[in-house]
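Reading the structure
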There are 2 protein chains.
Amino acid sequence: MIELYLEDLHVGDRFESNTVSVTENEIIAFAWAFDPQPFHLDAEAAKQSVFGGLVASGWHTAAMTMKLFVTGGLRLAGGSVGLGVDELRWPRPVRPGDTLRLQTEIIEIRPSRSKPDRGIIRIRNITTNQKGEVVQTFFASVLVRRRTADKIPL
Amino acid sequence: MIELYLEDLHVGDRFESNTVSVTENEIIAFAWAFDPQPFHLDAEAAKQSVFGGLVASGWHTAAMTMKLFVTGGLRLAGGSVGLGVDELRWPRPVRPGDTLRLQTEIIEIRPSRSKPDRGIIRIRNITTNQKGEVVQTFFASVLVRRRTADKIPL
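Residues numbered from 1 in each chain as written. Chains lettered and ligands numbered in written order. Predicted model: local features only at pLDDT ≥ 70, side-chain atom pairs only at ≥ 80, totals over all residues. Heavy atoms only, no water.

Attention shifts here to the environment of A:Arg118. Residue and element names in this part refer to chain A. Tracing the chain through its elements places Arg118 in strand S4 (residues 118-128). The sequence separation of Arg118 and Arg146 amounts to 28 residues, and the corresponding C-alpha distance is 4.9 Å. Those residues in contact with Arg118, other than ones at most four positions away along the chain, are Pro111, Ser112, Leu143, Val144, Arg145 and Arg146. (Helix = DSSP H or I, 4+ residues; strand = E, 2+ residues; numbered from the N terminus. Contact = heavy atoms within 4.5 Å.)

As structure tokens, this is what we get:
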């Protein structure tokens, strides 16, 4: 896998991910650790909730999306260091058995004015399920190395 | 623990959380599952990174913050259903042994115009470490039940 530098990237570039599937047990395990609410923990209790059944924590969806991002097509030299996330939305919940896929698009590229070894890209991440329905969207700013600064650790 | 409804909440209300500590093993386990990058996986490799040592994935910090939120003072009737998150930032990384705490403030309350059984609150969440340093901030919109609609499942 080739590692990408700022000079390799262009506004409008799109990157596809692999897929990840999630089981009921994984949804429940994540919820016990991080989001212990009935609609994430218990299929029976979840039927009485606004979701009508067990759903993954939005933070679980976000974490699975990060796995898709890190293992997807946009492999950045030195790794993916996120500076911030905006407009994180979950238009549909993720349910047991769903298979997720991520599409990433570069929407802005900004070389650093003060630090010649780096820049920042702004990306849009859209996570869909096996039906093509959108389950999560967000924008993120990510630190990217410049090739000219290959020897500076990032 | 009393469950809170829209009528119980006021702009400016603040809620404190318990604390949660994170170990090196937990940071590494989360990273293998969701963010497998050297600076989250391997203390030695992380020394060469921009972080200078092992740090938790930002999504791990977000997930731990959700645990603090759900188990904290703002217990909403029917549970915490997040509609969206804005301006998620990680001004400092979380490192092994850190102990996190969350402060939540209500900054806006909006009863639904179309649905009399609910409203939306906007909150600011600030996660700090044991030194009082801010490790994460964001704004979130959260669905809240109105007391008048007690019998409608949320």
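Turning our attention to the nonpolar core. Ranked by internal contacts, the top residues of the largest apolar core, which has 78 residues, are A:Leu9, A:Trp59, A:Leu74, B:Leu9, B:Trp59 and B:Leu74. Among residues more than four places away in sequence, those in contact with A:Trp59 are A:Phe30, A:Leu88, A:Trp90, B:Trp59, B:Ala62, B:Met66, B:Val85, B:Leu88 and B:Phe138. (Core = buried A, V, L, I, M, F, W, Y, C linked by side-chain atoms within 4.5 Å. Buried < 20%, exposed > 50% of the residue type's maximum accessible area, 1.4 Å probe, protein only.)

As summarised here, the arrangement of the 10 strands in space is S1(A)-S3(A)-S4(A)-S5(A)-S2(A)-S2(B)-S5(B)-S4(B)-S3(B)-S1(B), forming an open sheet in which the pairing is antiparallel. Looking at strand neighbours, the two that pair on one side only are strand S1 (14-21) of chain A together with strand S1 (14-21) of chain B, the edges of this open sheet. Here the strands of the sheet are splayed against their neighbours by 25° on average, with no regard to which way each runs. Across 10 bridges, the pairing between strand S3 (residues 99-111) of chain B and strand S4 (residues 118-128) of chain B is antiparallel. Its bridge partner being in S4(B), B:Ile109 is matched across the sheet by B:Ile121. The strands touched by helix H4 (residues 58-70) of chain B within the sheet are strand S2 (81-89) and strand S5 (134-145) of chain A together with S1, strand S2 (81-89), S3, S4 and strand S5 (134-145) of chain B, with S3(B) carrying the most contacts at an inclination of about 70°. (Pairing = 2+ DSSP bridges. Axes fitted to C-alpha atoms, helices over the stretch in contact; angles between N-to-C directions.)

Glancing now at the relation of the copies chain B and chain A. Each copy superposes on the other: chain B lies on chain A with an RMSD of 0.0 Å after a rotation of 180° and an axial shift of 0.0 Å. Classification of the inter-copy transformation places it as that of a two-fold axis. Residue B:Asp86, judged by its C-alpha, is the member of chain B lying nearest the rotation axis, at 2.4 Å. By residue overlap, the copies meet face to face through one surface: 100% of the interface positions of chain B are interface positions in chain A. (Least-squares fit on C-alpha atoms with pLDDT ≥ 70 in both.)

Looking now at the packing of helix H1 (residues 24-34) of chain A against helix H4 (residues 58-70) of chain A. All names here are of chain A. Direction vectors running N to C along H1 and H4 enclose 110°, while the axes themselves pass 10 Å from each other. One element, H1, and the other, H4, form an angle in the roughly perpendicular class. Regarding H1 and H4, the two cross each other, and that crossing is right-handed. Contact residues: Glu26, Ile27 and Phe30 in H1; Trp59, His60 and Ala63 in H4. Tallied by class, residues from the contact of H1 with H4 come to four nonpolar, one polar and one charged. (Parallel < 35°, antiparallel > 145°, perpendicular 65-115°, else oblique. Left-handed = near helix turned anticlockwise from the far one by under 90°. Nonpolar A, V, L, I, M, F, W, Y, C, P; charged D, E, K, R; others polar.)

What follows deals with the pairing of S3(B). Residues and elements named next belong to chain B. Inspection of the sheet shows S1 paired to S3 by six bridges, in the antiparallel sense. Across the sheet, the residue bridging to Val20 is Leu100, located in S3. Connecting S3 to the antiparallel partner S4 that follows it, the hairpin turn spans six residues.

Residue and element names in this part refer to chain B. Across the 11 residues that make up S4, a large majority, eight, are buried. Sheet analysis places S4 next to S5, joined by 11 bridges and oriented antiparallel. Looking across to S5, one finds that Asn125 is bridged to Phe138. Counting the residues between successive antiparallel strands, the hairpin from S4 to S5 contains five residues, one of them, Gly132, with a positive phi of roughly 85°.

The analysis is restricted to geometry; functional conclusions fall outside its scope.
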